[in-house]
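Chain residues, written in single-letter form:
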Protein chains: 4
Amino acid sequence: MLQFQCDYNEGAHPKVMQRLMGTNMEQTVGYGEDHYCESARRHIQEACGNPNLQVHFLVGGTQTNTTVIAHLLRPHQGVIAAESGHISVHETGAIEHTGHKVLALPAHEGKITAEQVGTLVLEHRADSSFEHTVQPGMVYISFPTEFGTLYSKAELEALHDVCLKYELPLFIDGARLGYGLSSPACDVTLSDIAHLADVFYIGGTKVGALFGEAVVSKSPALMRDFRYSIKQHGGMLAKGRLLGLQFETLFTDNLYFEISHHAVSEALRIKKALQDLGVPFLMESHTNQQFPILPNEIVSRLSKDFLFTPWQRIDETHTAIRICTSWGTTTDNVNLLIDALRKELI
Amino acid sequence: MLQFQCDYNEGAHPKVMQRLMGTNMEQTVGYGEDHYCESARRHIQEACGNPNLQVHFLVGGTQTNTTVIAHLLRPHQGVIAAESGHISVHETGAIEHTGHKVLALPAHEGKITAEQVGTLVLEHRADSSFEHTVQPGMVYISFPTEFGTLYSKAELEALHDVCLKYELPLFIDGARLGYGLSSPACDVTLSDIAHLADVFYIGGTKVGALFGEAVVSKSPALMRDFRYSIKQHGGMLAKGRLLGLQFETLFTDNLYFEISHHAVSEALRIKKALQDLGVPFLMESHTNQQFPILPNEIVSRLSKDFLFTPWQRIDETHTAIRICTSWGTTTDNVNLLIDALRKELI
Amino acid sequence: MLQFQCDYNEGAHPKVMQRLMGTNMEQTVGYGEDHYCESARRHIQEACGNPNLQVHFLVGGTQTNTTVIAHLLRPHQGVIAAESGHISVHETGAIEHTGHKVLALPAHEGKITAEQVGTLVLEHRADSSFEHTVQPGMVYISFPTEFGTLYSKAELEALHDVCLKYELPLFIDGARLGYGLSSPACDVTLSDIAHLADVFYIGGTKVGALFGEAVVSKSPALMRDFRYSIKQHGGMLAKGRLLGLQFETLFTDNLYFEISHHAVSEALRIKKALQDLGVPFLMESHTNQQFPILPNEIVSRLSKDFLFTPWQRIDETHTAIRICTSWGTTTDNVNLLIDALRKELI
Amino acid sequence: MLQFQCDYNEGAHPKVMQRLMGTNMEQTVGYGEDHYCESARRHIQEACGNPNLQVHFLVGGTQTNTTVIAHLLRPHQGVIAAESGHISVHETGAIEHTGHKVLALPAHEGKITAEQVGTLVLEHRADSSFEHTVQPGMVYISFPTEFGTLYSKAELEALHDVCLKYELPLFIDGARLGYGLSSPACDVTLSDIAHLADVFYIGGTKVGALFGEAVVSKSPALMRDFRYSIKQHGGMLAKGRLLGLQFETLFTDNLYFEISHHAVSEALRIKKALQDLGVPFLMESHTNQQFPILPNEIVSRLSKDFLFTPWQRIDETHTAIRICTSWGTTTDNVNLLIDALRKELI
C-alpha cells in the first residue's frame with residue numbers, strides 16, 4: 001500500500017537520522033539549553049535574516065499552537081481564525097481548554113482577509129454590550145493553509161497592517177511552512193514571514209524531522225517568560241537537544257527548502273497529470289496537498305493500492321480526495337500513482 | 001424616559017420586597033441551607049409536579065449557565081447550542097473560560113432542531129479523526145429563545161429523544177421561562193419542561209426577583225456534588241435565604257405566572273398595535289420581546305422619550321428594534337408607547 | 001437559638017433596605033452603568049481620599065477574589081497567600097479552577113510577612129530550574145485575617161514595599177474590612193489601604209449589605225478591561241444598581257464605619273467578659289471574631305441556646321470556638337451570651 | 001566534563017536507535033494507530049501479565065501527569081500528592097493550569113502513607129463546610145520517588161486499599177519505574193504495579209528511550225475517551241510509531257530491566273564507595289539517585305570535572321548533592337568519579 005494520505009508517514013530525513021545517531025552517546029544538559037539548540041537557533045536566525053529573533057523548540061503542532069496562543073492572550077480575549085483553521089476544528093478544543101474562544105471567520109479556500117479582521121474588531125468595539133462578548137486578542141493564520149493554499153505577500157502585509165493598527169499579535173502556523181515557501185506560486189520568503197508575523201513556527205514534523213516545531217518571534221515583549229509556558233504545557237522536551245540537532249541539520253546547506261521543494265514538485269506532477277486528464281479540483285493548490293474530484297468508483301478502486309484521504313462528498317457520484325506528498329515521497333511512488341490514475345481516467 | 005430596552009429595569013415585585021423586609025432581621029444559616037430555601041424548593045417541586053426534583057439557587061444567568069455546563073461536561077466535550085444562543089455570543093466566553101467549546105449550530109429564529117443535533121453527533125462519530133475534534137457532550141437551548149420565540153412541545157420532545165438516544169444531557173436556559181410558559185402560543189407546561197430537560201433553570205432576575213435563578217434537575221446522578229461547583233464558580237450566596245425568600249414568594253399563589261402573563265399581554269398589545277399599523281416584524285414572537293422594523297427617522301424620534309434596543313440594521317432606511325416588557329412594565333407606559341407609535345406611523 | 005456563628009446571619013442594615021424599597025420601581029440601565037453605581041463610586045472615592053480610584057461592584061467574596069486574581073496573573077504565575085488564607089482553603093479551589101496555583105506560605109495568626117514574600121521571590125529566581133516552577137505573580141492578604149487579626153501599618157507598608165520591589169501587585173481581601181478598620185487596635189485607615197494596595201475590596205456582604213463587594217484600585221493599567229472579567233466570571237449583576245444603592249447608603253454619613261464599630265465593640269465586650277473569667281484564647285483578636293478555648297461540656301451546653309462555630313480541637317477536653325458578631329448583632333443578645341458564659345464559668 | 005546531574009543526558013539505547021534507523025523510511029499511519037504501537041502494547045501487556053490492560057503512548061512526563069490527572073478528575077476535585085511530588089513542585093503549575101488543586105501532604109523521604117490519605121478524606125467529609133473545600137479526587141505517587149526511595153509492597157497495598165475504600169483512583173508516576181523495579185531493595189514487580197495502580201506510566205525518557213512514556217491502566221471506565229485527552233493536551237505524536245518502536249524494543253528480551261539494573265548497580269557502587277569513606281547521606285536511596293552530604297570545598301573541586309546537582313544546603317560547610325546514573329552511564333565514568341571522590345575524601 002503506497003501512502004499519500006498525509007505528510008508524516010515516514011520517519012526523518014536520512015541526514016537528520018545520521019546526526020542523531022552520530023551524537024547519540026554524547027552527554028548534554030537538558031530542556032533546550034544545550035549547544036545544539038543554541039546552534040540551531042543561530043542557523044534559523046540566519047535563515048530568517050535577523051540575528052535578534054527568539055527561537056524556541058517544541059514537540060508538536062497542537063502543543064505549539066496552544067502554548068503560543070495561551071501565552072499571548074489575556075483571559076477575556078479570543079483568537080481570530082479561519083473557521084477551517086486547524087485550531088478551529090482539529091485540535092480537540094485545545095484552545096478552549098486553555099480558556100479562550102476561537103473567533104472563527106468564514107474562510108475562502110482556507111484564508112481570511114485583513115478586511116474581515118478589521119470588520120470584526122470594529123464591530124466588537126461598536127457593540128453596546130461589547131464587554132459581554134469575547135475581545136479579539138490576536139490573529140491566527142496557517143501558511144500554507146489546511147487546503148494547501150497560500151497567502152500572497154500583499155495579503156500578508158495587509159494582515160500585518162490591520163494587526164498592527166488594532167494591536168493584535170499575528171501568529172502564523174507554519175506546520176507546512178517549507179511546502180509553502182518552496183511553491184513556485186509563492187511570492188513570500190522566510191524573511192518576510194519573520195518580519196510580518198509577531199510569532200510563527202517552522203514545522204519540522206511534516207518537513208523532514210522525526211518531530212519538532214521551531215517557534216520564532218521578533219518580539220521579546222510577547223515572548224517574555226515563554227519557557228514557563230512551554231513547561232506548563234508539557235512541551236519542554238527533557239532531551240531538548242533532539243530538537244536542536246534536527247533543526248540544525250534541516251537548516252544546514254538549505255536542506256529544509258530542498259526537501260520541501262521536492263515534495264511540492266512531486267505534488268505538482270500529480271496535479272499536472274490530473275489536469276491533463278481533465279480532472280477538476282476542489283481548490284487550486286500550489287503546494288504539497290492536492291484535492292482532485294474523482295468519480296466514486298475510481299476512488300474505490302484506487303484505494304486498494306493507495307492510501308489517501310476522502311475529503312469531501314461533492315455529489316452522489318463524486319468525491320474530493322486529498323493527496324499529500326512529503327519530503328519522503330519517492331519519485332517512483334508518484335509515477336505509480338500517476339500511472340494508476342491514467343489507467344483509470346483515460 | 002420610559003424604558004423598554006430590557007426586562008431588568010426595575011427592582012423586584014412588591015411582594016418580594018415585602019417578604020425581604022419582613023424577614024430582614026431574622027437570623028438564619030447561610031449558603032442556601034436555611035428553611036426559606038427549603039420551603040422554596042418544595043414550592044418549585046410542587047409547581048413542577050415532581051417532589052423528587054433537585055433545586056439549587058444561584059445568583060445570575062451567566063453564572064448559572066457556566067456552572068451547570070462545566071459541571072456536566074467532561075474535559076474533551078463541548079456543548080451544542082444555537083449560534084445565537086446566549087452562551088455562544090453574550091457571556092464573554094465564560095463557557096470557553098471553563099475549558100469547553102460551544103459547538104454552535106445555525107439557528108432558525110433562535111432555535112435548533114433535533115435533526116441538527118443528531119446529524120452533528122453522527123458526523124462526529126463518523127469522522128475518521130473524531131478524537132481530534134471536540135466531542136458533543138450536551139445540548140443547550142433557551143426557552144424562550146433570545147428572540148422571544150418558542151419551541152413547541154413536539155420540538156422539545158424531539159430534542160429530548162435525540163439527547164436520550166445519544167446520551168447527551170439536555171439543558172434549558174430559562175432566564176425568561178415565565179414569559180415563555182405564559183404566552184398564549186405556548187403548548188408546553190412547567191411540568192413538561194421539568195420532564196423533558198435533564199437540567200433547566202427558572203429565571204428570577206428577569207421575572208420578578210431582584211436577582212436569582214433556580215436550577216432544577218430530575219437527575220441526581222448529573223447533579224452529584226453540584227454544590228461544590230456552585231461554590232467554585234462564585235455562585236453560593238452567603239445569605240442564601242435571599243434566594244429562597246424570593247422564589248418562595250414567586251411560587252406562592254401563582255405569582256410567577258401571573259406577573260409573567262402581565263408582561264406578555266402588554267407586549268402583545270404593542271405587537272397588535274404595530275401590526276394594525278402595518279409594521280413588519282423581524283421575527284414572529286409571542287412573548288415579552290418584540291422586534292418591529294421601523295423607518296430610521298421614526299426610531300430616532302421615538303428614542304427621545306423611550307429607551308429600546310436597536311437590534312439589527314435592515315436596509316439603508318430601516319432598523320429592527322427590540323421592545324421588551326417585563327413584570328414591572330405599567331399599562332400606562334405601554335399606552336404612552338402605543339400612542340407615540342400611532343402618532344408616528346399613521 | 002441566638003446566632004453568633006458567622007457575620008451574615010441577618011439581611012441588610014435597615015437603611016439599606018429602605019433605600020432599596022424607596023427606589024424599587026424606578027427604571028435604570030443595567031450592569032453597573034446606572035447613576036446609583038456612579039454615585040456610590042464617588043462616595044467610595046471620597047471615603048478613600050482619592051477621586052481617581054477605579055471602583056467596580058461584584059456580588060460575593062469568592063467571586064471577587066477569583067475575578068481579581070485571574071485578571072491580574074499571567075498563565076504561568078501563582079498568587080502568594082497565607083496557608084490559612086480564604087483562597088487557600090475555603091473557595092473550593094476557585095483560584096486553581098482559573099488555572100493558577102496558590103503559593104501558600106506558613107502564616108502566624110493568619111498573617112504573612114514582607115520577609116517571607118521576599119524570600120519566596122528570591123528563592124524562585126535563584127532556582128536553577130525556576131522555569132519548572134510557578135512564578136510568583138502577586139500577593140494576597142486578608143484584612144482583617146480569617147482569624148480576626150490585623151496587619152499594622154508598618155507591616156502593610158513593608159508588604160507594599162516588597163511588592164513594589166519585585167513588581168507583584170498587592171491585593172487585599174477586605175471581606176470584613178469595616179471590622180478591621182473600626183478596631184481600637186487598628187492603626188490603618190481606609191486611605192492607607194487604598195494607597196498601599198494595588199487592588200482591594202470593601203466587603204458589603206458581611207458589613208451591612210444584603211450582598212456585594214466593592215473592588216477598588218489605584219491602577220488603571222491593572223484594571224484595564226476588568227469589566228470583561230467581571231462578566232466572564234458571572235459577577236456582572238443585571239440589576240447592578242442594587243450594588244450601587246447599597247454602597248451609596250453604606251458610605252453615606254459614615255454608616256459603614258458606625259455599624260462596623262458596633263460589631264467590634266460587642267465582640268470586645270464578649271472578649272472582656274471571657275478574659276475576666278480567666279478563659280484563654282486561641283488568638284488575640286481585636287475585631288469581630290473571637291476564639292475562646294472552652295471545656296467541651298460547656299461548649300456542649302452552650303450550643304443548646306447559641307449557635308457558634310467549633311473551630312479547633314485543643315486537647316481531649318477543650319475546644320476553641322469562634323464567636324462572631326456583626327452589624328446586626330443586638331446588645332441584648334450579647335448580654336444573654338455573656339450571662340450564659342458567666343453562669344457556666346464562674 | 002562527566003555528567004551525573006540527571007538521567008537524560010544521552011540519546012537512546014543503541015538498540016532503540018537501530019530500530020528507528022531500520023524502519024525510518026517505512027510508511028505507517030499516524031497517531032499511535034500503527035502496527036508498531038500495537039506490538040508495543042502487546043509486549044507491555046505481557047510484561048505486566050495482563051492482556052486486558054489499556055496502553056497509550058505519550059511524549060513526556062509533565063504532559064503525561066497532566067493528561068491523566070485532568071482526565072480522571074471532576075472539576076471540583078483535587079489530586080492528593082506528596083508535597084515533594086513532581087506535580088507539586090516541578091511542573092510549572094501544569095495541574096493547576098487544568099483547573100485542579102494539588103492537595104499536598106507532608107512527605108517522609110518523598111513518600112506518603114495510606115493513613116495520611118485516609119485522614120485527609122475523613123477530615124474533608126467531616127468538615128461542616130466541606131463543599132467550600134476541594135474534594136479529594138485521586139491519589140498521585142511516584143515510584144520510585146523524586147528522592148530515589150521506594151514504596152514497599154505492603155505500603156502500596158495499603159494505598160491501594162484506602163483508595164479503593166474511598167473510590168479514589170491511584171495513579172503512579174513511573175518516570176523512573178525501571179530504576180525502582182530493578183533495585184535490590186524492591187519487593188514489588190511490574191505486575192504488582194499494574195494490579196495495584198488504577199493508572200500508571202512506564203517512563204521511557206529516563207530509561208533508554210529518546211523520549212516517551214507508556215500509560216497503562218486496568219480500568220477501561222477510567223480511560224474512556226482518553227485519546228481525546230491526549231490530543232487535547234498536545235501529547236498525540238503525529239509519528240506515533242516512534243513511541244511504539246521504542247517501547248517495543250525496550251520490552252523485547254528484557255532490555256528495559258537489564259539497562260535499569262545497570263544504572264542502579266552503578267549508583268550503588270558509588271554509594272558503597274562513599275559509605276566506605278564515611279560519607280553521610282541525606283536519604284537512604286536504593287535506586288539510581290544518591291544524595292551524599294559533602295564538605296563544600298570538595299563539592300566545589302569535584303564540580304570542575306563532574307556535573308551533578310547541588311540539592312540542599314545542610315549547614316555552613318556542607319551540601320547534599322544529587323548524583324544520578326542512567327542506562328547510559330559508563331562503568332569507566334563511574335570509576336573516574338569514585339577515584340575522584342576517594343582522592344578528595346581519604
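As a reminder, the structure under discussion sits directly above these lines.
Computed from a predicted model, the values in this text were never measured in an experiment.

Caption draft 1: How the structure looks around the overall build of chain A. Per the secondary structure count, chain A includes 15 helices and 13 strands. By the compact-globule yardstick of 20 Å for 346 residues, chain A fits well, its C-alpha radius of gyration being 21 Å. Once the C-alpha set of chain A is aligned to its principal axes, its extents read approximately 60 × 60 × 35 Å. Relative to its 346 residues, chain A shows a buried fraction of 66%. At a minimum sequence separation of 6, the contacts of chain A that also span at least 24 residues come to 73%. When the accessible area of chain A is evaluated, it comes to approximately 11,900 Å², of which 52% is carbon and sulfur surface. One finds the centroid of the 27 positive side-chain charges in chain A at a distance of 4 Å from the centroid of its 39 negative side-chain charges.

Caption draft 2: Here's a closer look at the interface of chain A and chain D. Opposite the 48 residues of chain A that make contact, chain D presents 49 residues. Overall, the association of chain A and chain D removes approximately 4,200 Å² of surface from exposure, summing both partners, and the carbon and sulfur fraction of that is 57%. If you sort the residues of chain A by the area they bury against chain D, Q27(A), Q232(A) and K239(A) come out on top, with a joint share of 18%. Remark: the boundary between chain A and chain D carries zero salt bridges. When grouped by side-chain class, the residues that make up the side of chain A that touches chain D number 22 nonpolar, 20 polar and six charged.

Caption draft 3: Spatial organisation of the relation of the copies chain B and chain C. When chain B is fitted to chain C, the best match, at an RMSD of 0.0 Å, comes from turning it 180° and sliding it 0.0 Å along the axis. What we have between these two chains is a two-fold relation. Of the residues that chain B buries at the interface, 100% are likewise interface residues in chain C, meaning the two copies contact each other through the same surface.

Caption draft 4: Spatial organisation of the packing of helix α6 (residues 114–126) of chain A against helix α7 (residues 153–165) of chain A. Residues and elements named next belong to chain A. Axis separation between α6 and α7 bottoms out at 8 Å; the angle between their running directions is 20°. In this view, α6 runs roughly parallel relative to α7, as classed from their interaxial angle. Relative to α7, α6 is oriented so that their crossing is right-handed. In this structure, α6 uses A114, V117 and G118 to contact α7, whose residues at the interface are A158, L159 and V162.

Caption draft 5: Main features of the pattern of salt bridges. Scanning the model with the defined rule gives 52 salt bridges over all chains in all. When the shortest N-O distance is used, the salt bridge between R301(C) and E344(C) registers 2.8 Å. Of this pair, R301(C) sits in helix α14 (residues 296–302) while E344(C) is found in helix α15 (residues 331–345), placing the two residues 43 residues apart along the sequence. By relative accessible area, E344(C) is classed as partly exposed at 24%. Where salt bridges share partners, they join E33(A), R227(A) and E131(C) into one cluster.

Caption draft 6: Expanded view of the nonpolar core. One finds F143(B), F200(B), I202(B), F143(C), F200(C) and I202(C) to be the most contacted residues of the largest nonpolar core, which totals 134 residues. Counting residues in hydrophobic clusters, the runner-up holds 133 residues, among them Y36(A), A82(A), I44(D) and L210(D).

Caption draft 7: Summary view of the state of the cysteines. On inspection of all chains with the given rule, the structure shows zero disulfides over all chains. A disulfide-free cysteine, C324(A) has its sulfur positioned 6.6 Å from the sulfur of C6(A), the nearest such atom. Residue classification places C324(A) among the buried positions, given a relative accessible area of 1%. You can see C186(B) has no disulfide; the closest cysteine sulfur is in C48(B), sitting 14 Å from it.

Caption draft 8: Representation of the pairing of strand β12 (residues 309–315) of chain D within the structure. All names here are of chain D. Both β12 and strand β13 (residues 318–324) contribute to a ladder of five bridges, which runs antiparallel. The residue of β13 that forms the bridge with R313 is T319. Where β12 folds back on β13, the antiparallel hairpin that results is connected by two residues.

Caption draft 9: Structural context of helix α15 (residues 331–345) of chain B. All names here are of chain B. Given a rise of 1.5 Å per residue, 15 residues ought to cover 21 Å, and the 21 Å separating the end C-alpha atoms of α15 matches this to within 8%. Within the sequence span of α15, burial applies to N333, V334, L337, I338, A340 and L341. Along the axis of α15, the buried positions cluster into a sector of 160°, meaning they face one direction only. For α15, exposure combined with an orientation more than 90 degrees from the buried face picks out D332 and K343.

Caption draft 10: Looking closely at the interface of chain B and chain C. The interface is formed by 48 residues belonging to chain B together with 48 residues belonging to chain C. Between chain B and chain C, a total of about 4,200 Å² is buried, with carbon and sulfur atoms accounting for 57% of that surface. Per-residue buried area on chain B facing chain C is highest for Q27(B), Q232(B) and K239(B); these three make up 18% of the total on that side. Here chain B is connected to chain C by zero salt bridges. The interface formed by chain B and chain C contains 26 residue pairs in polar contact (both at pLDDT 80 or more).

About the thresholds
Residues numbered from 1 in each chain as written. Chains lettered and ligands numbered in written order. Predicted model: local features only at pLDDT ≥ 70, side-chain atom pairs only at ≥ 80, totals over all residues. Heavy atoms only, no water. Helix = DSSP H or I, 4+ residues; strand = E, 2+ residues; numbered from the N terminus. Rg over C-alpha atoms; globule rule 2.2 N^0.38 Å. Buried < 20%, exposed > 50% of the residue type's maximum accessible area, 1.4 Å probe, protein only. Contact = heavy atoms within 4.5 Å. Areas by Shrake-Rupley, 256 points an atom, 1.4 Å probe, with all protein chains shown as cover. Lys, Arg positive; Asp, Glu negative; His and termini not counted. Charge placed at Lys NZ, Arg CZ, Asp CG, Glu CD. Buried area = accessible area lost by both parts, 1.4 Å probe. Salt bridge = Lys/Arg side-chain N within 4 Å of Asp/Glu carboxyl O. Nonpolar A, V, L, I, M, F, W, Y, C, P; charged D, E, K, R; others polar. Least-squares fit on C-alpha atoms with pLDDT ≥ 70 in both. Axes fitted to C-alpha atoms, helices over the stretch in contact; angles between N-to-C directions. Parallel < 35°, antiparallel > 145°, perpendicular 65-115°, else oblique. Left-handed = near helix turned anticlockwise from the far one by under 90°. Core = buried A, V, L, I, M, F, W, Y, C linked by side-chain atoms within 4.5 Å. Disulfide = S-S within 2.5 Å. Pairing = 2+ DSSP bridges. Expected span 1.5 Å × (residues − 1). Arc of directions from axis to C-beta. Polar contact = N/O pair within 3.5 Å; in protein donor to acceptor, adjacent residues only side chain to side chain.

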